[in-house]
Structures are given as structure tokens and as C-alpha cells.
Amino acid sequence: GYFKAGFPLNEDNSQNIAFVGDYSYQDMNSSFGLTKYIADQHSLFGNLLYQNMVHEDHKFTLGMSATYDRYNEDFHRLVAFQDIKKAGLTQMAIGGFFGEYTYHAGEKFSAITGLRQDFYKKSGNKIVGRFSPRVTLKYMPIDEIVIRANGGRGVRYATPLIDNIGVFSTGKAFAGAYNEHILEDAWTFGGNLTYYLPFGAGSNTYISFDYFRTQFTQQMVVDYEHIANTIDFYALDGNRSFTDNYQLDFSVDPVERFNITVTCRYTNAMIE
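Just so it is clear, the model here is predicted, and its values are computed rather than measured.

### Quick notes on the overall build of the chain
Thinking step 1. Each helix and strand counted, the chain has 1 helix and 15 strands in total.
Thinking step 2. Since a compact globule built from 272 residues should have a radius of gyration of about 19 Å, the 23 Å found for the chain marks it as more spread out than a globular shape.
Thinking step 3. The proportion of buried residues among the 272 residues of the chain is 35%.
Thinking step 4. In the chain, of all internal contacts separated by at least 6 residues, the share reaching a separation of at least 24 is 55%.
Thinking step 5. Working note: accessible area of the chain is about 16,200 Å², and carbon and sulfur atoms make up 58% of it.

### Structural notes on the sheet that holds strand S13 (residues 230-235)
Thinking step 1. Pairing within the open sheet is mixed, and its 3 strands lie in the order S9-S13-S12. With one partner strand each, in any of the chains shown, strand S9 (173-176) and strand S12 (220-223) form the two edges of the open sheet. Ignoring strand direction, the axes of neighbouring strands in this sheet form an average angle of 20°.

### Focus on the pairing of strand S7 (residues 128-142)
Thinking step 1. When strand S6 (residues 109-122) meets S7, the two strands line up antiparallel, connected through 12 bridges. Each bridged residue has a counterpart across the sheet, and for Leu115 the counterpart in S7 is Pro133.
Thinking step 2. Connecting S7 to the antiparallel partner strand S8 (residues 145-157) that follows it, the hairpin turn spans 2 residues.

### Considerations on the layout of surface pockets
Thinking step 1. Put simply, the largest pocket is a space of about 400 Å³.
Thinking step 2. In terms of lining, the largest pocket is formed by 23 residues, of which the most central are Ser65, Phe98, Arg116, Asp118 and Arg134.
Thinking step 3. Looking at the lining of the largest pocket, the elements that each hand over two or more residues are strand S3 (35-55), strand S4 (58-79), strand S5 (82-105), S6, S7 and S8.
Thinking step 4. Per element, the largest residue contribution to the lining of the largest pocket is 6 residues, and it comes from S5.

### Examining the nonpolar core
Where a protein is soluble and globular, its nonpolar side chains tend to be buried together.
Thinking step 1. Counting 17 residues, the largest nonpolar core has Tyr37, Phe75, Leu161, Phe174, Tyr178 and Phe233 as the members making the most contacts within it.
Thinking step 2. Looking at this core, the elements with two or more residues in it are S3 and S13.
Thinking step 3. Looking at which element gives the most residues to this core, the answer is S13, with 3 residues.
Thinking step 4. When residues no more than four places from it in sequence are discounted, the contact partners of Phe75 are Lys36, Tyr37, Ile84, Lys85, Lys86, Leu161, Phe168, Tyr178 and Asn179.
Thinking step 5. Grouped together as the second largest cluster of nonpolar side chains are 6 residues, Met92, Val155, Tyr157 and Leu183 included.

### Things to note about the sheet that holds S3
Thinking step 1. On the basis of which strands lie adjacent, the open sheet formed by 12 strands has the order S1-S2-S3-S4-S5-S6-S7-S8-S10-S11-S14-S15 and antiparallel pairing. Two strands close off the open sheet at either side, each with one partner strand: strand S1 (2-8) and strand S15 (258-271). The average angle at which neighbouring strand axes cross in this sheet is 15°, direction not considered.
Thinking step 2. Looking at chain direction, S1 and strand S2 (residues 15-32) are connected through 7 bridges and run antiparallel. Considered in S2, the bridge of Pro8 is made with Asn16.

Reading guide: rules and limits
- Residues numbered from 1 in each chain as written.
- Predicted model: local features only at pLDDT ≥ 70, side-chain atom pairs only at ≥ 80, totals over all residues.
- Heavy atoms only, no water.
- Helix = DSSP H or I, 4+ residues; strand = E, 2+ residues; numbered from the N terminus.
- Rg over C-alpha atoms; globule rule 2.2 N^0.38 Å.
- Buried < 20%, exposed > 50% of the residue type's maximum accessible area, 1.4 Å probe, protein only.
- Contact = heavy atoms within 4.5 Å.
- Areas by Shrake-Rupley, 256 points an atom, 1.4 Å probe, with all protein chains shown as cover.
- Pairing = 2+ DSSP bridges.
- Axes fitted to C-alpha atoms, helices over the stretch in contact; angles between N-to-C directions.
- 1 Å grid on protein atoms, 1.4 Å probe; cavity = no way out; pocket = protein on both sides within 12 Å on 5 of 7 lines; lining within 4 Å.
- Points joined across faces, edges and corners; volume = space filled by probe spheres on them.
- Core = buried A, V, L, I, M, F, W, Y, C linked by side-chain atoms within 4.5 Å.

Laid out in C-alpha cells, this is it:
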């Protein structure tokens, strides 16, 4: 279910207040050989926004948001040398406030900057605060070139079994924090350079290069290798984890209504 309501505060709608809320329910009943996983999830989300367009080039948004998730998980795993029976209810709540500012300098440059302060609460745990900035920049020095850059912080509760549902199809034993929901924390930054080329049947001929890096300060690690015949779940807890992604795209319309796209991607992911 989804609900959205907006209320203009002046005639030209340059100032308004909006509320967005939704609810979802998911029920899962699965079996993988002698392993059975049964779970349901209730999720609630609410977002209250105030938006003010000070000028056509300046806009800011202030707001508050809250999320509530209720997981009821029950699984039985029977493999060689291991018989696991786990059942439990986990409740996770996130609430906070945020601000966002948007600036346009004609069609040449635009910037979106945002700040969030969120508070995280899980069943039986104390409240933890996280401050999350983000920025998105776009610059067009000439019509044929677009440069984008962005960065920010992301925080989420891990759901290790659902996030890695393929582990149920193996015969390996489970070890570690497979039944815990740790608070993952990562910083991502990178950019994109796109150059539009003057050939092809349309204006959609371009070559584009992307680079993004994600650096984790906390992460749920799922390790298949360092213990024989075992999948080990553990928190990063001070170790180094990062991912570098490089991508090159080329797109052209040789004739109308026919497009050719070539993509090459290189990923370097490491936990040390």
C-alpha cells in the first residue's frame, strides 16, 4: 500500500509540504533439500517533506523520515555434521531528519548537496546515530561533453540469509553471525565522463567512462574459503574492504530504430 499527499503553501507552488507513506508485507516459504527457510517481513515507511523553490536556480528541501522493519525468521538446516534450528523475531527502526539543496547555473552546471542524521535501533540494542553527507555535481563545458561526480555515505542493516540466499543450496556448514543483522556502513565516490560523437542516425552516439569506489567501514562478510566445508559469516570489525568499478560504454544508432551498445567492465573487490 502506498499513500502520497501534497499541500501547496502559495499560489505558484514554489513552497509546499508533502507526506509519503507505504506499507509492504512479504511471506517466504522455501526449501533447499533438507534445509527449510520460512520468514515474513512487515515494513513501514513514512516521509514528511518541506520544499521551497527560492529561485528557479535555487531550491531546498527539509524533512523527516522513519522506517520500521519486522522480520520473523524460522529455518532448519540439516547437512553433514551440522543440524541448525533457529527461530526468532527481529525488529529494526530507523528515524532521522535531512536537508537537501539544489543549485542550477543554467544548463552548464548543477549541484545537489544533502545531509542526513539518522538513528538506528535494533531489538535489544542501544540507539546508534549516523551522519550521512552526499553530493552530486554535473558540468557541461561544451554541448558534447558531460562530466558528473558524486559521493556519499550509505548505512543499512544486513539481512545475511536473504542477502545471500544461494548459501542454502550448498552442503557446507554455517558458522559465525549468520543469524545477526549488523549495521553495514560504506562510503562511495566516483564520476562519469560522457562524450557525444557527431555520427550515427541519431544524436545518441556516445562514449562514456565510469569509475566508482566503495569503501566499507563495517560489512557483513560471507566467506566460502578460509574454513574447509564451511561458510563463515562475520563482521568486518576494522579490517579493510573496498570495491573499485571501472566501466567503458560505447553506443551508436547506425540506422534509425537500431542501436548497438558495447560495454566493458572491470571490478576489483578485496577484503584484507
